[in-house]
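Residues per chain are reported as follows:
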Amino acid sequence: MTNQLHLNTPRLSHLRELESEAIYVIREVAAQFERPVLLFSGGKDSIVLVHLSVKAFWPAPIPFPLMHVDTGHNFEETIIYRDEMVKKLGARLIVASVQDSIDQGRAVEEKGYNASRNVLQTVTLLDAIEKNKFDAAMGGARRDEEKARAKERFFSHRDEFGQWDPKNQRPELWNIFNGRKLSGEHFRVFPISNWTEMDVWQYILLEGIEMPSLYFTHKRKVFQRDGVWLADAPFMVKRESEIVEEKTVRCRTIGDITCTGLSLSSADSVEDIVYEIAASRVTERGSRADDKRSDAAMEDRKREGYF
């Protein structure tokens, strides 16, 4: 009964407007570009993007492959969900491996307590785009996530080096998107740019989208670093003062284990998550360790080619 009240609330009609806008952008990508790809991380935003892509072209299959930039330090649940989803949809999956980039000398493994492979994804992503000759890469980034992402347009131009110039973006008047580019250049495209974290979870509730178990409360061995709970793993280098203990937690965002903060939570349903987000005073990326490296961490990485 409670779910029905949520689904029938008139104010949620804005979700259908956001859905329509996102599907329009996805179809524009398919129409304007020769070799598009959808970047899939296993997180809620990319899951919603896949769901929207299915709706955009139904009953035909998704006309572009999915690509996962695999750090090698992912949660096991993420990989299991990814593989089951791809099999169910009959989609083509490309896995770009950060470990391969390290083995080839293209990226250098970080050392120390705060070492992470998250930043190394940029090299792997750019190499995979060049290797597969992708001219558009769609992702689930949203403007409300972080101040650097708030500067993005739907169609975000990248030069031949994969770099982004926030001061040199094309106007997007009346939803007219300019996908023209020179040889070697490509676009990043963000169909759910105008969505908020709350919109994403309300849409997941509305559509009944199956989600990875990581998003719901579960017991996990964790330790605290700089006020953030991190999952314990064999590759995590811990200080003597960082004590591993078992807590009831869930992921609010999903990424590389080394930088994905966990929230103490008892939310075991999508509806619980909606209520929890409504009451939260901490931003979605407030527990992401990679965003804490500097005040402009995200923008610096985006300029270099990060998503």
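Residues numbered from 1 in each chain as written. Predicted model: local features only at pLDDT ≥ 70, side-chain atom pairs only at ≥ 80, totals over all residues. Heavy atoms only, no water.

Regarding the packing of helix 7 (residues 197-207) against helix 8 (residues 270-279)
Okay, step 1: Relative orientation of the contacting elements helix 7 and helix 8 amounts to 160 degrees, with a least axis distance of 9 Å. Classified by the interaxial angle, the pair formed by helix 7 and helix 8 is roughly antiparallel. Relative to helix 8, the crossing made by helix 7 is left-handed. Contact residues: Glu197, Met198, Trp201, Gln202, Ile204 and Leu205 in helix 7; Val270, Glu271, Ile273, Val274, Ile277 and Ala278 in helix 8.
Okay, step 2: A class-by-class count of the residues in the contact of helix 7 with helix 8 yields nine nonpolar, one polar and two charged. (Axes fitted to C-alpha atoms, helices over the stretch in contact; angles between N-to-C directions. Helix = DSSP H or I, 4+ residues; strand = E, 2+ residues; numbered from the N terminus. Parallel < 35°, antiparallel > 145°, perpendicular 65-115°, else oblique. Left-handed = near helix turned anticlockwise from the far one by under 90°. Contact = heavy atoms within 4.5 Å. Nonpolar A, V, L, I, M, F, W, Y, C, P; charged D, E, K, R; others polar.)

Considering the pattern of salt bridges
Okay, step 1: Considering all chains together, one arrives at 18 salt bridges under this definition.
Okay, step 2: A salt bridge links Arg220 to Glu77, with the shortest nitrogen-to-oxygen separation between them at 2.8 Å. Of this pair, Arg220 sits in strand 7 (residues 218-225) while Glu77 sits in helix 4 (residues 76-89), and the two are 143 residues apart along the sequence.
Okay, step 3: The class for Arg220 is buried, based on a relative accessible area of 16%.
Okay, step 4: When its relative accessible area of 26% is taken as the criterion, Glu77 is described as partly exposed. (Salt bridge = Lys/Arg side-chain N within 4 Å of Asp/Glu carboxyl O. Buried < 20%, exposed > 50% of the residue type's maximum accessible area, 1.4 Å probe, protein only.)

Some thoughts on unusual backbone geometry
The phi angle of most residues is negative, glycine excepted, and most peptide bonds adopt the trans form.
Okay, step 1: Backbone torsion omega between Trp58 and Pro59 reads 10 degrees, so that peptide bond is classified as cis.
Okay, step 2: In this fold, Pro59 is placed in the loop between helix 3 (44-57) and strand 2 (66-70).
Okay, step 3: Here the phi dihedral of Lys133 falls at roughly 55 degrees; this positive angle occurs in a residue that is not glycine.
Okay, step 4: Among the secondary structure elements, Lys133 is positioned in the loop between helix 6 (121-132) and strand 4 (136-138).
Okay, step 5: With a phi angle near 60 degrees, Asn175 is a residue other than glycine that sits in the positive phi range.
Okay, step 6: Within the element layout of this structure, Asn175 appears in the loop between strand 5 (155-158) and strand 6 (186-189).

Things to note about a nonpolar patch on the surface
Okay, step 1: Together, Leu173, Trp174 and Ile176 line one region of the surface with nonpolar side chains, adding up to about 420 Å² of accessible area.
Okay, step 2: For Trp174, a relative accessible area of 74% corresponds to the exposed category. (Patch = residues over 30% accessible without salt bridge, like charges linked within 9 Å, V, L, I, M, F, W, Y side chains within 5 Å. Areas by Shrake-Rupley, 256 points an atom, 1.4 Å probe, with all protein chains shown as cover.)

Here we look at the environment of Ser266
Okay, step 1: Residue placement: Ser266 occurs in the loop between strand 10 (261-264) and helix 8.
Okay, step 2: The contacts of Ser266, once residues within four sequence positions are left out, are Thr217, Asp272 and Glu276.

Things to note about the sheet that holds strand 1 (residues 36-39)
Strand pairing in a sheet relies on backbone hydrogen bonds, with the paired strands running either antiparallel or parallel.
Okay, step 1: Pairing is mixed in the open sheet, where six strands are placed in the order 3-2-1-4-6-5. The sheet terminates laterally at strand 3 (93-97) and strand 5, the two strands that pair on one side only. Each adjacent strand pair in this sheet contributes to an overall mean axis angle of 30 degrees, direction not counted.
Okay, step 2: Where strand 4 meets strand 6, three bridges bridge the pair, whose relative direction is parallel. Looking across to strand 6, one finds that Ala136 is bridged to Phe187.
Okay, step 3: Relative to strand 1, helix 3 is tilted by about 140 degrees, and along the sheet it contacts strand 1, strand 2 and strand 4.
Okay, step 4: Here helix 4 sits on the sheet in contact with strand 2 and strand 3, set at roughly 165 degrees to strand 2. (Pairing = 2+ DSSP bridges.)

Side note on the pairing of strand 2
Okay, step 1: Taking burial as the measure, the five residues of strand 2 include five buried ones, the bulk of the element.
Okay, step 2: For the crossover that starts at strand 1, traverses helix 3 and ends in the parallel strand 2, the hand is right-handed.
Okay, step 3: Inspection of the sheet shows strand 2 paired to strand 3 by five bridges, in the parallel sense. The residue bridging His68 from the neighbouring strand is Val95, located in strand 3.
Okay, step 4: Once you follow strand 2 into helix 4 and on to strand 3, the crossover reads as right-handed. (Right-handed = clockwise from strand over helix to strand, strands pointing away.)

Section: the sheet that holds strand 9 (residues 245-251)
Okay, step 1: Within the closed barrel, the four strands sit side by side as 7-8-10-9. Their pairing is antiparallel. On average, adjacent strands in this sheet sit at an angle of 70 degrees to one another, irrespective of strand direction.

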